[in-house]
Amino acid sequence: MPGTPLVRPALPVSPISPVPPALPVLPALRELLPRGGLARGSVVAVAGFGLLALALLAGASAAGAWSAIAGIPEAGVLAAVGLGLDAERTLLVPDPGTAWPLVVASLLDGCELVLLRPPARAPAPARQRLEATLRRGHGVLVVAGDWPGAQVRLRVVTQGWTGLGDGHGRLRACCAEVTADGRGEAALTRTRWLWLPAEDGSVALAEPPDIPAADIPAAGLPDAASVRYLRTVGGLALVSG
Amino acid sequence: MSAHPAAALAPAALEAGVQRVMVVCCPDLGASEPDPAAVQRSEPAVAGRSEPAAAQRFEQVIAAVTGFCPRVEAVEPGVCAFGARGPARYFGGETVLARKIIAALADLGEQARIGAADGLFAALLAARGAERILVIPPGETAEFLARQPVSVLAGQVPDGQELAGLLRRLGLPTLGDLAALPAGDVAGRFGVAGEAAGRLARGLGAPPLAVRPPAEDLSVTREFDPPETLAEPVVFAAKALAERLHGGLAARGLTCVRVQVEATWADGRESRRLWRHDGLLSAAGVADRVRWQLDGWRAVPPGTEPPGPGPAGQERGDGGVAVLRLAPDHLVRATGHQLALWGEAVVTDAVARAAMRVQALLGHQAVLRPVVDGGRNVCDQVTLVPFGEKTEPRLDPGAPWPGRVMGPAPAVVYPFAREADVTDDSGAAVTVSGRCVASAAPAWLAVEGEPPLRVTGWAGPWPLSERWWDPAAARRRARFQLLTGDGRAWLAAVQDGRWLIEAGHGLG
């Protein structure tokens, strides 16, 4: 057939890959993360276990991903459910024991998100093997604690609760300053003020007027991390450390 | 007549493992009537007409029949069955055996009818016939079944009575007519009940038995001599074992809810684990579980130092697997109804495999699923259910629970409340009076194992008196919310004069 070209141009590469590159997170956390989500195959470390770690799971879980929480027997499932975690799609392994790297690797086979609090000293070979497992799969490991190879590190720098006075009131909401840094595209330090949680139990970006003591870090202190100070602004106790 | 399709199928049915079954039917003791017309019950009889005496007499009947054959299975009140081949050979024929049993039961004052045929269903029908003893010779069961009216299906298959009526109206008055239809068409037109009925009519399916004693010898065992040190041959043997197990269960129309895998090592240690089965696992699926169990055992041998996360050691000191045993646990009738394996459809295969792998490593109770629950205390509001079991809230989470502590749910809920000391400025412990008044403002919080923290805000006490009507479960507590200098918030309670930290909002 003379009209048929011998060489057809290649089909344009579909811009949408079958596996999205990042797992979604709650809208308030998007700006803290380099790709607006949890990059698949990566490790995201949160300095300590708290609502922030649970909030990282909530977005993807609400979108239908399975998540597992390992090594955190005290994880407040109700708070996580309030953030959007789907309890039906959550596995809990409160005590993964000494075989925790194997447990986490197994969990990553089935769950896209695993929140882990590793033992105090996670040996480097175990960590590296898990990272290799992660890269092969498409899951995300959220670590509550220290993880030297983490791509993104999140930390609550400052937090202050509202609503509780001296013998009266009740806990209502917590305004927290969260910083994110890490390696590669996450190297730039990002800082956001979040309601963690807001009064309705959700996570929201704090508006500038809500931020109670934005002037504190600028107070001329040489090293904010080495100084602990307490200030009360409008009934809100704010601590930096 | 011999060209009847059902008759032609009979040898195949025999080869498929249909056994000679003898049924002893005591019409006085159960709902089973000799008159076939009265068999048209929609419900299988239960509990011997609520007459405890009948149940006791039936126990005696079973005990007497057990004298002739040790493995007797109670089919329904007043009816028991056993495999006839062995006993018949021993006693000199089925008719002789039947006469002996009738004589033995007559000594107990029971009138019994006995039927023997290929398969339980035909034997049951034979026992319900007009004769005291009806033995259908081997190979003639299909003809016998073909003559039976479809009404005998009532109580044997789901909705049997309606199905029988439908079949009659469609011009299929006998089981032979039903057996003549292609099995696939019957299943397509009449569903599960039709398929079961078709199998019965062909002499293939037997109504399931409740085995007495349960599960005793349905387990299958394989011994390894010398003990097998590698996992692969054990897993391979496990697959064959599982096929035998499934075959044994299927021959009795049973399925098991769980299967227990027991491995005994050459040094005498044992590893036992129950796996969810629900009749849905293939032999390969069971073999997978055996593999995971062995892996788990190898990764962390109890009582020894774990070899670390490295690949399972090839040479270990345990000497290898000596015995592998699969035992069915919790036998149920194989109804053919396939519910979603995990109670809900959300669990994908990958998740189930991952969870079961971890269960193999750590045990059934180690992988949990949370269920949001009702309750007034934070620790009550989530129930943890082992993976694979049914997840249902105990209490209604949607109901109002006055007395719940207000405020956002805590991110940290301690599974066991932590002890704490709360002191005032002078260093004296803060107490709560019977009228729920705090002795002083809390100034310091020392949670066990942590240095004291300055209390920067507090509220309470909020009383909670639960289950005062039940002395064993009653508890009174006064709850506080505390804020400490490091920015953390705590949910504390005073109970019996002790401070307990139930939950908190952690850092991060």
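Scroll up to find the structure.
Report follows, based on the coordinates. This structure is a prediction, so every number in the text was calculated from the model and none was measured.

## Section: the overall build of chain B
- Broken down by element type, chain B carries 12 helices and 17 strands.
- A buried classification covers 42% of the 508 residues belonging to chain B.
- Long-range pairs, those at least 24 residues apart, make up 61% of the contacts in chain B between residues at least 6 apart in sequence.

## So, the packing of helix H3 (residues 100-110) of chain A against helix H4 (residues 124-136) of chain A
All names here are of chain A.
- At a closest axis distance of 10 Å, the pairing of H3 and H4 adopts a crossing angle of 5 degrees. Judged by the inter-axis angle, H3 sits roughly parallel to H4. Here Pro-101, Val-104, Ala-105 and Leu-108 of H3 lie close against H4, whose contacting residues are Ala-126, Arg-129, Leu-130, Thr-133 and Leu-134.

## Structural notes on the environment of Gly-198 of chain B
Residue and element names in this part refer to chain B.
- Following the sequence through the fold, Gly-198 ends up in helix H9 (residues 183-201).
- Accessibility expressed as a C-beta count within 10 Å gives 23 for Gly-198, which makes it buried.
- Remark: the alpha-carbon pair of Gly-198 and Leu-153, spanning 45 residues in sequence, is separated by 10.0 Å.
- Leaving out residues up to four positions away in the same chain, Gly-198 has contacts with Leu-178, Ala-179, Ala-183, Val-186 and Ala-187.

## Describing the sheet that holds strand E17 (residues 498-505) of chain B
Residues and elements named next belong to chain B.
- Spatial ordering of the closed barrel is given by E12-E13-E14-E15-E16-E17, a layout of 6 strands whose pairing is antiparallel. Pairwise comparison of adjacent strand axes, ignoring direction, gives a mean angle of 40 degrees for this sheet.
- By the bridge criterion, 5 bridges tie strand E12 (residues 412-423) to E17 in an arrangement that is antiparallel. By the bridge assignment for E17, Arg-418 is matched with Ile-501.

## What to know about helix H4 (residues 94-107) of chain B
All names here are of chain B.
- With 14 residues, H4 should reach 20 Å at 1.5 Å per residue; the first-to-last C-alpha distance of 20 Å fits that figure.
- Of the positions making up H4, those classed as buried are Glu-94, Leu-97, Ala-98 and Ile-101. Seen along its axis, H4 keeps its buried residues to an arc of 100 degrees; they face one direction. More than 90 degrees from the buried face of H4, the exposed residues found are Val-96, Ala-103, Ala-106 and Asp-107.
- Looking one or two residues past H4, Gly-109 carries a phi angle of roughly 85 degrees, positive in sign.

## Here's the deal with the interface of chain B and chain A
- If you look at the interface, chain B gives 53 residues, while chain A gives 60 residues.
- Residue assignment for the side of chain B that touches chain A shows that the elements contributing at least two residues are helix H12 (349-362), strand E10 (368-372), strand E11 (382-386), E12, strand E14 (453-466), strand E15 (475-484) and E17 of chain B.
- Ranked by the residues each element gives to the side of chain B that touches chain A, the list is headed by H12 of chain B, at 9 residues.
- Of the residues belonging to the side of chain B that touches chain A, the class tally is 38 nonpolar, 10 polar and 5 charged.

## Examining the nonpolar core
- Ranked by internal contacts, the top residues of the largest apolar core, which has 121 residues, are Leu-54, Leu-56, Val-103, Leu-107, Val-114 and Val-142 of chain A.
- With 9 residues, the single largest contributor to this core is helix H1 (residues 51-62) of chain A.
- Not counting chain neighbours up to four residues away, the residues in contact with Val-114 of chain A comprise Ala-68, Ala-70, Val-104, Leu-107, Leu-108, Gly-139 and Leu-141 of chain A.
- One finds Val-65, Ala-117, Phe-121 and Leu-125 of chain B within the second-largest nonpolar core, a separate group that totals 61 residues.

## Considerations on the sheet that holds strand E2 (residues 73-76) of chain B
Residue and element names in this part refer to chain B.
- Pairing is mixed across the open sheet formed by 5 strands, whose spatial order is E2-E3-E1-E4-E5. A strand with exactly one partner marks an edge of an open sheet, and here the two such strands are E2 and strand E5 (133-135). Each strand axis lies, on average, 20 degrees off the axis of its neighbour in the sheet, ignoring direction.
- The pairing of strand E1 (residues 20-25) with strand E3 (residues 79-83) spans 5 bridges and is classified as antiparallel. Across the sheet, the residue bridging to Val-21 is Gly-83, located in E3.

## Some words on the pairing of strand E16 (residues 489-495) of chain B
All names here are of chain B.
- With respect to burial, E16 is a largely interior element, 6 of its 7 residues being buried.
- Bridging between E15 and E16 involves 6 bridges; their strand directions are antiparallel. Residue pairing for E16: Arg-479 is matched across the bridge by Ala-493.
- Where E15 folds back onto E16 in an antiparallel hairpin, the turn is made up of 4 residues, including Gly-487, whose phi is positive at roughly 95 degrees.
- Between E16 and E17, which pair antiparallel and follow one another directly, the connecting turn spans 2 residues, one of which, Asp-496, has a positive phi of 50 degrees.

Conventions we followed
- Residues numbered from 1 in each chain as written.
- Chains lettered and ligands numbered in written order.
- Predicted model: local features only at pLDDT ≥ 70, side-chain atom pairs only at ≥ 80, totals over all residues.
- Helix = DSSP H or I, 4+ residues; strand = E, 2+ residues; numbered from the N terminus.
- Buried ≥ 20, exposed ≤ 12 C-beta atoms within 10 Å, placed from the backbone.
- Contact = placed C-beta atoms within 7 Å.
- Axes fitted to C-alpha atoms, helices over the stretch in contact; angles between N-to-C directions.
- Parallel < 35°, antiparallel > 145°, perpendicular 65-115°, else oblique.
- Pairing = 2+ DSSP bridges.
- Expected span 1.5 Å × (residues − 1).
- Arc of directions from axis to C-beta.
- Nonpolar A, V, L, I, M, F, W, Y, C, P; charged D, E, K, R; others polar.
- Core = buried A, V, L, I, M, F, W, Y, C linked by C-beta atoms within 7 Å.

Don't take any of this as a statement about function, it's just geometry.
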